[in-house]
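# Close look at the chain arrangement
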Amino acid sequence: MINKQNLWFLTLFSLILVLSVYYITMPNDLLIASNSTNTKEEVTDDNKTDSDEQDTISEADSLTALRVSLDEERDKEKEELKTTMTNEDATTDEKNNAYEQLKYLSVIEGEEEKLEKLIKKEYKIDSFVKVDSNTITVVAAKKKHDVTLANNIMRTIQGEYDTKKTITVKFEGN
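Rules used in this analysis
Residues numbered from 1 in each chain as written. Predicted model: local features only at pLDDT ≥ 70, side-chain atom pairs only at ≥ 80, totals over all residues. Heavy atoms only, no water. UniProt positions renumbered as here; feature names shortened; annotations may be inferred. Helix = DSSP H or I, 4+ residues; strand = E, 2+ residues; numbered from the N terminus. Pairing = 2+ DSSP bridges. Axes fitted to C-alpha atoms, helices over the stretch in contact; angles between N-to-C directions. Contact = heavy atoms within 4.5 Å. Salt bridge = Lys/Arg side-chain N within 4 Å of Asp/Glu carboxyl O. Buried < 20%, exposed > 50% of the residue type's maximum accessible area, 1.4 Å probe, protein only. Phe/Tyr/Trp six-rings, centres within 6.5 Å; stacked < 30°, edge-to-face > 60°. Lys NZ or Arg CZ within 6 Å of the ring centre and 35° of its normal. Parallel < 35°, antiparallel > 145°, perpendicular 65-115°, else oblique. Left-handed = near helix turned anticlockwise from the far one by under 90°. Nonpolar A, V, L, I, M, F, W, Y, C, P; charged D, E, K, R; others polar. Patch = residues over 30% accessible without salt bridge, like charges linked within 9 Å, V, L, I, M, F, W, Y side chains within 5 Å. Areas by Shrake-Rupley, 256 points an atom, 1.4 Å probe, with all protein chains shown as cover. Lys, Arg positive; Asp, Glu negative; His and termini not counted. Charge placed at Lys NZ, Arg CZ, Asp CG, Glu CD. Right-handed = clockwise from strand over helix to strand, strands pointing away.

Under the annotation held in an unreviewed UniProt entry, the chain carries the name SpoIIIAH-like family protein and is attributed to Candidatus Onthousia faecipullorum.

Put into structure tokens, the structure is as follows:
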């Protein structure tokens, strides 16, 4: 039985989740329009204009959009695997394979999070990492395309693995 504390937690968590999804899926034009109506082109203490701040917002939005689309794809795959696991007509082998795939997806998600934190710690760059078996794709939020930085990121990621991986680094920025 669920107690009141758990019910309140679930209710508030659901509300926060719904608001977060709404904010993430909100069109970028609305964010830019709300910034321009609230403040005019003023110079801040760091000598940045509002357009610089909008560039930062759009970079973060592109990484967030990549994460959301990957999460939706993985959630759909997990749901299919869970359906297979709970299906009474499925064989034991099918259920075991579905369970192993779920475990594999969890491991991949952990690796992606670990690599994102490593890139943030080492290079002070926000990034999106997608792992597909032997292929790793990194999208870094940086305007300037720097070959040396890309090589360093690839070496850092490869250092985390014993086997050879195909690593791709892309720079996203306006």
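## Quick look at the UniProt feature "transmembrane region" (unreviewed entry) in the chain
Residues annotated by UniProt as "transmembrane region" (unreviewed entry) correspond here to residues 7–25. Spanning residues 7–25, this segment combines 100% helix with 0% strand, and its end C-alpha atoms are found 27 Å apart.

## Topic: the sheet that holds strand β1 (residues 127–132)
Taken in spatial order, the three strands make up an open sheet running β1-β2-β3, and their pairing is mixed. Two strands in the sheet have a free side with no partner beyond their single neighbour: β1 and β3 (166–172). Going from strand to strand, the sheet's axes swing by 15° on average, the running direction of each strand aside. For β1 and strand β2 (residues 135–141), the ladder comprises six bridges, and the chain directions are antiparallel. By the bridge assignment for β2, Ser127 is matched with Ala140. Sheet strands touched by helix α5 (residues 147–158): β2 and β3. Its angle to β3, the strand with the most contacts, is close to 140°.

## A short note on the pattern of salt bridges
Throughout the structure, instances matching the rule amount to eight salt bridges. For Glu100, the salt bridge is made with Lys103, and the minimal N-O distance between the two is 3.8 Å. Placement of both Glu100 and Lys103 in helix α4 (residues 92–123) is noted, with a separation of three residues, approximately one turn of the helix. Residue classification places Glu100 among the partly exposed residues on the basis of a relative accessible area of 43%. Measuring nitrogen to oxygen at the nearest pair gives 2.8 Å for the salt bridge that ties Asp126 to Lys120.

## Re the packing of aromatic side chains
Evaluation of the coordinates by the stated rule reveals one aromatic pair. With a centroid separation of 6.1 Å and 15° between ring planes, the pair formed by Phe9 and Phe13 is classed as stacked. Residue Phe9 and its partner Phe13 are both found in helix α1 (residues 4–25); the two are separated by four residues, about one turn of the helix. By relative accessible area, Phe13 is classed as partly exposed at 47%. Stacked on the ring of Tyr161, the Lys or Arg Lys165 has its end atom at 4.9 Å from the ring centre.

## Topic: the packing of α4 against α5
Between α4 and α5, the shortest axis-to-axis distance is 11 Å and the interhelical angle comes to 130°. The orientation of α4 with respect to α5, classified from their angle, is oblique. Of the two possible hands of crossing, α4 and α5 adopt the one that is right-handed. In this structure, α4 contributes Leu115, Leu118, Ile119, Glu122 and Tyr123 to the contact, and α5 contributes Leu149, Asn152, Ile153, Thr156 and Ile157. Of the residues belonging to the contact of α4 with α5, the class tally is seven nonpolar, two polar and one charged.

## A short note on a negative patch on the surface
Together, Asp71, Glu72, Asp75, Glu79 and Glu80 give the surface a local cluster of negative charge. Structurally, Glu72 is set in helix α3 (residues 50–86). The exposure class of Glu72 is exposed, given its relative accessible area of 52%.

## Observations regarding the pairing of β3
Burial along β3 is one-sided: the face carrying Ile167, Val169 and Phe171 is buried and the face carrying Thr166, Thr168, Lys170 and Glu172 is not. Note that β2 and β3 share seven bridges and pair parallel. Bridge pairing in β3 links Ala140 to Phe171. Handedness of the β-α-β unit built from β2, α5 and β3 comes out right-handed.

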